[in-house]
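Remarks on the overall topology
Here are the chains, one letter per residue:
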Amino acid sequence: ENQRNTFSLFDELPRRRLEVRFGKFSMPDFFDVNSAGSDTHFQFLNWSTDNNGAYDYAADTRGYTVGLTADYQDRNWGFRFAEALMPKVANGIDLVWKPWQVHAENFEYELRRGIIPKKAGVVRLLAFTNYANMGIYRDQVIHAAEQNTIPDITNHPWHITRKYGFGLNVEQNLTRYLTAFARFGWDNGKTESFAYTEVDQTFAEGVGANGAWWHRKQDRAGVAFVSNAIKKDHQNYLAAGGLGFLLGDGNLKYGRENILESYYTVHVWRGIYLAPGVQYVADPGYNRDRGPVTVPTFRAHIDF
């Protein structure tokens, strides 16, 4: 049996099947999905909590790309692949319509088996590779030092460089009402952060709770800890005054960016949900001279 949703209108599906989709979509709708830490409507908000921060997936500034996905599902495992377009510039709205030059490949293997015996769980292994007009941090730092200027990662002629990375995504039922999750992500970090966020290595762990535990079956709650890092070339670029599409303030006293986030989503009436939350960020932007900062959050979600 299948619950009808945005991506599937079937009431029933074969256990063994191949699903092929083509069009405009968001990559994390299909890759790196996690039942306890992916849905920003009802769960966590921080970008490196609801997704693998080091997964620089193909996307324009609104998070969409154009491409093809193929997803084979068997009884206890699955494998999916996507070929997609990349933007012209970092976090840009325009995609490059030359897939023979600029493109992204995404791979994910999913094993629906828990780590704890006799308890449900899923393990997902992710790999991606991007080819786009991305700058090289080390080259720009060297060039700026020779010219006695501030490095600019966009200051280069059109050239195609490669970025690649890997991820691990685990979710594990602890009890009927508690689900733990963890993610690890790594990318090569030498090329420009281009589409998602400026993270080269990440580790996240957390737990989500179903409100049925305290007789509020449509409520949700969760807490998570994330630790993010960037590679040495990326650090040197920011320390020299360089700017990325998200980071840069003229200097850098490097430290890992550590985040603690919690939320509670309360079902008010029918399709109305309210969700207070809080994030505590130590060394935001990997800078020990910044923060810590506490970020209170509040969401209102309405289903029609």
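These numbers come from a predicted model, not from an experiment. Each chain carries its own residue numbering, running from 1 in the written order of its sequence. The model is predicted, so local features are restricted to residues of pLDDT at least 70 and side-chain atom pairs to those at 80 or more, both for listing and for counting; the totals for chains, interfaces and linings are taken over all residues. Excluded from the side-chain calculations are hydrogens and water; all other atoms, namely the structure's heavy atoms, are used.

**A word on the packing of aromatic side chains**
For any pair of aromatic rings, the description consists of the separation of the ring centres together with the inter-plane angle of the planes. As a reminder, the rule being used: Ring pairs are drawn from Phe, Tyr and Trp, using the six-membered ring of Trp, whenever the two centres fall within 6.5 Å, and their geometry is named by plane angle: stacked under 30 degrees, edge-to-face over 60, tilted for the rest. Comment: elements are numbered from the N terminus, with helices defined as DSSP H or I runs of at least four residues and strands as E runs of at least two. Exposure categories follow from relative accessible area, calculated using a 1.4 Å probe and restricted to protein chains: below 20% of the type maximum is buried, above 50% is exposed, and the middle band is partly exposed.
Counted under the stated rule, the structure contains 19 aromatic pairs. When the ring of Phe42 is compared with that of Tyr273, the centres are 4.8 Å apart and the planes differ by 75°; the resulting orientation is edge-to-face. You can see Phe42 sitting in the loop between strand E1 (17-25) and helix H1 (47-50) and its partner Tyr273 sitting in strand E11 (residues 272-282), a full 231 residues away along the chain. Here the two residues Phe42 and Tyr273 agree in accessibility, since each one is buried. One aromatic cluster in this structure is built from Trp47, Tyr55, Tyr57, Phe128 and Tyr196.

**Notes on the side chain of Glu19**
We count it as follows: We call two N or O atoms a polar contact when they sit within 3.5 Å, provided that within protein one can donate a hydrogen and the other can accept it, with sequence-adjacent residues counted only if both atoms are side-chain atoms. It only takes one pair of heavy atoms within 4.5 Å for two residues to be counted as in contact.
Relative to the elements of secondary structure, Glu19 occurs in strand E1. Among the polar contacts listed, one links the side chain of Glu19 to the side chain of Arg17, at a separation of 2.6 Å. Excluding residues that lie within four positions of it along the chain, Glu19 makes contacts with Leu13, Thr69, Ala70 and Asp71.

**Some thoughts on the environment of Ser38**
Following the sequence through the fold, Ser38 ends up in the loop between E1 and H1. When sequence neighbours within four positions are dropped, the list of residues in contact with Ser38 reads Asp32, Val33, Gln43, Asp50 and Arg183. Among the polar contacts listed, one links the side chain of Ser38 to the backbone nitrogen of Asn34, at a separation of 2.7 Å. Separated by 3.0 Å, the side chains of Ser38 and Arg183 make a polar contact.

**With respect to the packing of helix H2 (residues 137-147) against helix H3 (residues 232-239)**
Put simply, the rule reads: Geometry is summarised by axes, namely lines fitted to C-alpha atoms with helices restricted to the contacting stretch, and by angles between N-to-C directions that run from 0 to 180 degrees. Here a crossing is taken to be left-handed if its near helix is turned anticlockwise relative to the far helix by less than a right angle, and right-handed if that turn runs clockwise. Amino acid classes used here: Ala, Val, Leu, Ile, Met, Phe, Trp, Tyr, Cys and Pro are nonpolar; Asp, Glu, Lys and Arg are charged; the rest, including Gly, are polar.
Close contact between H2 and H3 brings their axes to 8 Å; oriented N to C, the two are set at 35°. Considering only the axes of H2 and H3, their crossing is left-handed. Facing H2, whose interface residues are Tyr137, Arg138 and Val141, H3 presents Asp233, His234, Asn236 and Tyr237. The residue inventory of the contact of H2 with H3, partitioned by class, reads three nonpolar, two polar and two charged.

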